[in-house]
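# Structure assessment
Here is how the chains run, residue by residue.
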Amino acid sequence: MNRRLARWACVVAGLIAMVPVWAADAPAAPAWVTDPARPGEHLPGAGGSLFDALFATPGGAHAIPFPFERLLARLEAEVSRDPASALPPLKAVLIPLGRSLQRSAAAPDYFRFPRVVVGVDAPPAPGSPWLLKDRLYIGYLEKSAVLEVISYNEGAGRFEFQLVKDYRAGGSPQVYYANRNICMACHHNAAPIFSRALWDETNANPAIAARLAAEGRSFHGIAPARGVDMPYAIDNAVRRANRLALTQRLWQEGCGPAAAGQQCRAGLFVAALRLRLADGLSLPPEAAIDPEAAATLRRNAARRWPDGLALGRPDLPNRNPMQGLAVWPDDPAARVARAHVAVAFDPLLPRPPDTVWRADAPEAVREAVAGVAEFVADGHWMRLQAALARRGGALPRIEHTLRCEAVAASRASRCRGSGGASLTLDAAGRRILQLSLAGEAPRAPFALSARPELRLAGGDVLERVDASGLRGGEGPLHLRLRADSQALAAAVSRLSPALLGEQPFPRRALVAALLDALGDPHPAPAERTWPPARLERPADGAPAVAGVPADLAGFHAWCAACHLSAESFPPNFLLGPANTLETRIRQCAPRIYVRLAMARLPPTARAKTPMPPETLLPAFRSHAAAWAASPERAALEARVAAMLKAESGRDPDPETLLARGYEALRPCLAPDR
């Protein structure tokens, strides 16, 4: 970031820091996994986004495929298609009347230029170094020529928010990191968000699908009519994506420092690998992870977060923009009015926690293991399994002997052994109906064969079932297991402690080191030349803060976090020379007045959400009630009210201004902005 932009960022931070303090001491409550009032630095402090990595050139620039179909094809090349599913590996929906900041860019032709939302929920293709599953989301509105990208940064352990500008035929796409203050006003968990079922904003809604089809055009290869299967898949991916931040905090902070922390992380890693190898089948909680590792996690987390860790909700209330509409109107103004987002559906509204992770909860460690398991599988997964099989195959086999008894009533044999081992064999001796060797949930029935090659919850592989000693369904039954769990534990014990330190989960380096420890050396990931991480420089230079009239300075103090930027969504009315600031605020006055006035109304009486967003108020060391009663808010409202009275000759009120709807108010920025 150049010096001018650095100064700009410091100015905004300084303005927030100057705001008076009204907030009282908050009662004890869970700590947020990610606090929307603390968005973090706009530019990554380490690593880069997956989007950067995918589209970087050797020289450190970006090469973004165009048209959009080519970009999707590039992504598809990195992921695997599920042969058992009719759905493609990239999930895409069309949203003509959504809640994105860019929703008005296509007005009034919303259905001709719907927003496309794409999410990746498929595992990597063999050999691909990119783990895109649940970690890459793209919004594209053709009319705005902008891509909105949310993609994961493994080096920083967070999602990055980016914009690709000038994405059009003949354009020169430019990639910028976004203002995280703006993003996290809606994306409270610093991760993607999506609607709840029935996803009526999307083309899963028959009324929307019909209008899209009536346009008679192609939507980047995406069918206008689609069932709920596609948005349902995106919804699930978004929910998993939002848990990545919880996993990172438990991995980095929950396990704690020093050797005990490294052992805790090693225990989580081994348990996660076993869980992934066994397709989600886990040992009982007390056996699923090294007891000392589990105890360390619980002890450190209870001390650090005594009231738990709250995970922000990723889902928004379902909204049907076609509700009560029999025919799509011809009048452009009536079309624009349909883009209105009522308060109840506004993503700016605070949302209660989705879940609260507590160190003393019975499932706490299991959830931590399952979270780490979402990081361990990549395109080298098949190589890792093969290396594990070779190393495990070189170890002595594990033998189990069970005693079987015939059960006439069920025409089967029930077999039991030490350590809670149990097995049920059908009367013909050809099918194992139930198998559990260490108290884990039973395996699904499977055919008995000489070499079943069945992965068990503990990580070992069932190689042989010998039922030759049974007579009439009774007698000894012998099992032989390949000791992959021992090979895995030994390999993890040889990992460098530096890989298990207090840092974001180093997936690629851990996988490479694990392959090496299993006797399959894999070159460590090469140092990457990242494209420059940059914020967009305003066209007219750095914003002017010095020289702002005293009666307008409050707008900088309270609005700069989101409205002093190079972006026109939300409107950047604070950007520009100090001597024209009043003109810009006057243009924006109707909308500013409504947003300020909403704060003093009861929540049930609000037509729009107040500004600043309630989730951002803690950054100003305030809260909703304090802001509503503050003299600073009243002064800002009075200033724009005076501007509106000078125009109309009468005092403004929200009800009159909103008589034709919020979208009918004049645009916040003049057309030439």
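Provided above is the structure to which this section pertains.
### Let's talk about the nonpolar core
Counting 114 residues, the largest nonpolar core has F68, L71, L147, L268 and F269 as its most contacted members. Residue contributions to this core peak at 10 residues, all from helix α8 (residues 258-277). Setting aside chain neighbours within four positions, we find L71 in contact with F55, I64, P65, I138, L147 and Y167. Counting 34 residues, the second-largest nonpolar core is a separate cluster that includes V548, F573, I585 and L596.

### Side note on the sheet that holds strand β18 (residues 461-466)
Strand pairs in the sheet, formed through backbone hydrogen bonds, run parallel or antiparallel to each other. The eight strands are arranged β16-β15-β14-β13-β12-β19-β18-β17 in an open sheet whose pairing can be described as antiparallel. The open sheet is flanked by β16 (446-447) and β17 (454-455), the only strands paired with a single partner. In this sheet, β18 lies alongside β17 in antiparallel orientation, the contact comprising two bridges. Its bridge partner being in β18, R455 is matched across the sheet by V461.

### A few points about helix α7 (residues 244-254)
Residues spaced three or four apart along an α-helix point in a common direction, a consequence of the helix completing one turn every 3.6 residues. With respect to burial, α7 is a largely interior element, nine of its 11 residues being buried. When α7 is considered as a whole, its buried residues turn out to be L244, A245, L246, T247, Q248, R249, L250, W251 and G254.

### Details of the sheet that holds strand β2 (residues 90-95)
The strand order across the open sheet formed by six strands is β2-β3-β4-β5-β6-β7, and the pairing between neighbours is antiparallel. What marks the edges here is a single partner per strand, and that holds for β2 and β7 (174-177). For this sheet the average axis-to-axis angle between neighbouring strands, irrespective of direction, equals 20°. Pairing geometry for β2 and strand β3 (residues 115-120), over six bridges, is antiparallel. When the bridges of β3 are listed, L90 appears paired with V120.

### Remarks on the side chain of E160
Structurally, E160 can be placed in strand β6 (residues 158-165). Only 2.9 Å separates the side chain of E160 from the side chain of N153, close enough to count as a polar contact. Among residues more than four places away in sequence, those in contact with E160 are H42, P44, S49, V149, I150, S151, N153, Y177 and R180.

Conventions used here
- Residues numbered from 1 in each chain as written.
- Predicted model: local features only at pLDDT ≥ 70, side-chain atom pairs only at ≥ 80, totals over all residues.
- Heavy atoms only, no water.
- Core = buried A, V, L, I, M, F, W, Y, C linked by side-chain atoms within 4.5 Å.
- Buried < 20%, exposed > 50% of the residue type's maximum accessible area, 1.4 Å probe, protein only.
- Helix = DSSP H or I, 4+ residues; strand = E, 2+ residues; numbered from the N terminus.
- Contact = heavy atoms within 4.5 Å.
- Pairing = 2+ DSSP bridges.
- Axes fitted to C-alpha atoms, helices over the stretch in contact; angles between N-to-C directions.
- Polar contact = N/O pair within 3.5 Å; in protein donor to acceptor, adjacent residues only side chain to side chain.

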